[in-house]
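Residue-level listing of the chains:
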Amino acid sequence: MQNRQWMTMGLLLTLAASPTWAQSQRMAVPSYFGPGSLWTKMGAAAPHVGLTIINPNSGPGEAVRADYVDQVKAMQAKGVRVLGYVHTSYGKRPIAEVQTEIDRFNQWYHVDGIFFDESSNDDASLPYYKQCLTVARAGNPKAIVMINPGTPVTEGYMNVADVILTFESDYNAYLKRAPDAAWVAKYPARRFMHLIYGAPDAAAMRKAVQLGKKWHAGWMYVTPDTLPNPWDTLPEGAYWSGELKTLGAAK
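A few points on the structure. (Residues numbered from 1 in each chain as written. Predicted model: local features only at pLDDT ≥ 70, side-chain atom pairs only at ≥ 80, totals over all residues. Heavy atoms only, no water.)

## So, the sheet that holds strand 1 (residues 26-30)
Spatially, the 8 strands close up into a barrel ordered 1-2-3-4-5-6-7-8, and their pairing is parallel. Direction aside, neighbouring strands of the sheet carry axes that sit 25° apart on average. In this structure, strand 1 lies alongside strand 8 (residues 219-222), joined through 2 bridges in parallel fashion. Its bridge partner being in strand 8, M27 is matched across the sheet by M220. Where helix 3 (residues 37-44) meets the sheet, it contacts strand 1 and strand 2 (49-54), and its direction lies at approximately 155° from that of strand 2. Packed onto the sheet, helix 8 (residues 202-214) meets strand 7 (192-197) and strand 8 and runs at close to 160° relative to strand 8. (Pairing = 2+ DSSP bridges. Helix = DSSP H or I, 4+ residues; strand = E, 2+ residues; numbered from the N terminus. Axes fitted to C-alpha atoms, helices over the stretch in contact; angles between N-to-C directions. Contact = heavy atoms within 4.5 Å.)

## Considerations on the side chain of R137
Counting through the fold element by element, R137 comes out in helix 6 (residues 126-139). A polar atom in the side chain of R137 sits 2.9 Å from the backbone oxygen of A143. (Polar contact = N/O pair within 3.5 Å; in protein donor to acceptor, adjacent residues only side chain to side chain.)

## A few points about helix 4 (residues 66-77)
Turn by turn, an α-helix covers 3.6 residues, leaving residues three or four places apart pointing in a common direction. An ideal rise of 1.5 Å per residue puts 16 Å on 12 residues; helix 4 measures up with 17 Å between its terminal C-alpha atoms. Considering only its buried residues, helix 4 is in contact with helix 3, strand 2, strand 3 (81-87) and helix 5 (95-109). Of the residues flanking the end of helix 4, it is G79, one or two places downstream, whose phi is positive at about 95°. (Expected span 1.5 Å × (residues − 1).)

## Here we look at the environment of E168
Considering the arrangement of structural elements, one finds E168 in strand 6 (residues 163-170). When the C-alpha atoms of E168 and Y197 are compared, they prove to be 8.0 Å apart, with 29 residues separating the residues in sequence. Ignoring sequence-local partners within four residues, the contact set of E168 consists of N148, G150, L195 and W231. Within the structure, E168 has its side chain in polar contact with the side chain of N148 (distance 2.8 Å). Of the polar contacts made by the side chain of E168, one reaches the side chain of W231; its length is 3.0 Å.

## Comments concerning helix 3
When helix 3 is considered as a whole, its buried residues turn out to be W39, M42 and G43. What you see down the axis of helix 3 is that its buried residues fit within an arc of 100°, all on one side. Opposite the buried face of helix 3, at more than 90 degrees from it, the exposed residues are S37, T40 and A44. Its buried side turned inward, helix 3 meets strand 1, strand 2, helix 4 and helix 9 (237-248). (Buried < 20%, exposed > 50% of the residue type's maximum accessible area, 1.4 Å probe, protein only. Arc of directions from axis to C-beta.)

## Details of the nonpolar core
Counting residues in hydrophobic clusters, the biggest one holds 78 residues, and the most contacted among them are M42, V49, I54, F116, V222 and W240. Looking at which element gives the most residues to this core, the answer is helix 6, with 7 residues. (Core = buried A, V, L, I, M, F, W, Y, C linked by side-chain atoms within 4.5 Å.)

## Digging into the packing of helix 5 against helix 6
Between two packed helices, both the angle of their axes relative to each other and the distance between the axes serve to describe the pair. One can describe the packing of helix 5 onto helix 6 by two numbers: an axis separation of 10 Å at closest approach and a directional angle of 30°. One finds that helix 5 runs roughly parallel with respect to helix 6. Helix 6 is crossed by helix 5, and the crossing has right-handed handedness. Contact with helix 5, carried on its side by I95, V98, Q99, I102 and N106, involves Y128, Q131, C132, V135, A136 and G139 of helix 6 and no other residues of that element. Residues of the contact of helix 5 with helix 6, tallied by class, amount to 7 nonpolar, 4 polar and no charged. (Parallel < 35°, antiparallel > 145°, perpendicular 65-115°, else oblique. Left-handed = near helix turned anticlockwise from the far one by under 90°. Nonpolar A, V, L, I, M, F, W, Y, C, P; charged D, E, K, R; others polar.)

Fair warning: the whole summary comes from geometry, so function is off the table for now.
Okay, structure coming up:
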């Protein structure tokens, strides 16, 4: 199909050339909350916040929402790239449904790319995610494509997404995380993302970020929030400002 250089073009063109990549890491936020003050807070933190994900209704929903239209424009004006949430049911969701949701995100919200959630991590599912990539790029050739298996993947997944979310779990699990496969170091850190919830205080957050630097995660987000939805708010006060500073610091 496409070669690797073309498939990563969306991320490379829109992000890698930015001078802000001189910093060690950037924040990518799964913002599963409605437009308003929390989005304003993220926008004010650009360029440390470089990506965010909109999820109006477990996807784009059935009708366009004017408040999200305005919010996406405001974030993009700040330089924050906005991705639309589309679940894939671990490679079992019909591609036609996936395409419908991608089309809605592009037509309604003019997003910068797509975040494929509930992704598989084995080679058997690679043909499915190649289809997802093709559909995402058909609507926007420069789309940033991120997939979320939440666990390590085989190297073949580097051919089907710009960014792979290889950890999504709680702080205690992060401390016990096994080392990555050797091949991970061959790729830029901006190709990998980690999400950590339940990091109880600023000291735990800093520990998680330092581990993320060690583990080659160019995108991170750490929060004290917990299940059932740790992505429905943002850290506050010194935790938030400290996370932005720690992410931006050199290794």
